[in-house]
Amino acid sequence: MFDGLPTFIPITNIVDETPSVKTFYFSYPLNSKPGQFVMLWIPGLDQKPFSVGYDDGKKFGLTIFNRGPLTKELFEMKVGDRVGISGPYGTAFSVKPNTHYIMVAGGYGAAPLGFLTEEVVKLGSTVDFCVGARSAEHLLFEDRVKNLDGVTVHLATDDGSNGYKGYVTDLLTVILNGAKDPSTAVIPVETGIKTLDSRLRGNDNKETLVVTCGPELMERKVLDTCTDLGVQCEISIERYMKCGFGVCGQCCVDPLGITMCVEGPVVSGQLANQITEFGKYHRDKSGVKHNF
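The paragraphs below set out a description of the structure included in this document. Every chain is numbered on its own, with residues counted from 1 as its sequence reads. pLDDT decides what is reported in this predicted model: residues at 70 or higher carry local features, side-chain atom pairs at 80 or more are listed and counted, and totals for whole chains, interfaces and linings draw on all residues regardless. The side-chain quantities take in all heavy atoms of the structure and omit both hydrogens and water.

**Observations regarding the overall build of the protein**
For the record, the criterion: Helix and strand definitions here come from DSSP, where helices need a minimum of 4 consecutive H or I residues and strands a minimum of 2 consecutive E residues; each element is numbered from the N-terminal end. We call a residue buried when its accessible area falls under 20% of the maximum for its residue type, exposed when it is over 50%, and partly exposed in between, using a 1.4 Å probe and counting protein chains only. Using the Shrake-Rupley algorithm and a 1.4 Å probe, accessible areas are obtained, with residue cover drawn only from the displayed protein chains.
Along the backbone of the protein there are seven helices and 16 strands. For the protein, buried positions account for 49% of its 292 residues. Surface summary for the protein: the accessible area is close to 13000 Å², and the carbon and sulfur share equals 50%.

Written out as structure tokens, the structure reads:
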């Protein structure tokens, strides 16, 4: 584990995931948990938080969307170039045996959920991996998780170019409601809804846990759906972070005043429901509110 100071380590591999997303791999034992993040520093430019998308104990990977000056510079780097890394920081998703996970990922929010999927299937848990994006070319990690034991992948695209045409939260609603008549559901019969209906009735003694990471309005919809149906959920909440360990206060949320870099980014549904700004607004680096 890193201490509070950045350690400079070389990039050992770069994988192009989509036209705007790459995964950068580092051969270093980070020993992170799914949902945690690191701070990545490029000297003379900036430092930003990124969720860990892969960690096997010997190397870790950061799946990063190209947006802003730091990521623009990072995307121009090559294997062998070094960046500063500190962490891992923050809370993690629950990794439990004998559990059925329903994962709802939007865009590059799929990164920590891909990592989580790989960890929970080792314990014999099952997964419905729901991932959405604007179009097929922006979908992440279908191939990475679809062949894992106990995993069913559900795709959603805004334009209908792959999978269900619409929001990925629509898939969650159908899955949680059991799809008593799959032929009239908003997703096709072949997605395995009959099997999931059986699981949700408790026929295999698995509890159900919904986890989500992605755009905040999507996450808010997931939270509201789970709250209405009385289903456990865990949510990764993104806020502007500068330090990563609770000193600067940039990522405090209203009205609790807790920091998302220490008490988050992963929180329970119960805690998320106490954060009144969640799904309504966030603050920039100057503390100014911006409505969603």
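The rest of the description comes next.
**A word on the nonpolar core**
Note the following rule: Buried Ala, Val, Leu, Ile, Met, Phe, Trp, Tyr and Cys residues form a nonpolar core when they are joined through side-chain atoms within 4.5 Å. Pairs of residues are marked as contacts when any of their non-hydrogen atoms sit within 4.5 Å.
Residues V210, I237 and M260 are the most contacted members of the largest nonpolar core, which totals 31 residues. When residues of this core are assigned to their parent elements, the largest contribution, five residues, is made by helix α4 (residues 168–176). Filtering out sequence-adjacent residues up to four positions away, M260 remains in contact with I237, R239, M241, C251, V253, P265, V267 and I275. Counting residues in each nonpolar core, the second largest holds 25 residues, with V21, V127, V151 and V266 among its members.

**What to know about unusual backbone geometry**
The step from G87 to P88 runs through a cis peptide bond, and the omega angle for that step is 5°. Relative to the helices and strands, P88 is located in strand β7 (residues 82–89). The linkage connecting G264 with the following residue, P265, adopts the cis geometry, with an omega of 10°. One can find P265 in the loop between β13 (232–236) and β14 (266–268). Even without a glycine there, the phi angle at N31 is positive, about 60°. You can see N31 is positioned in the loop between β3 (21–26) and β4 (37–42).

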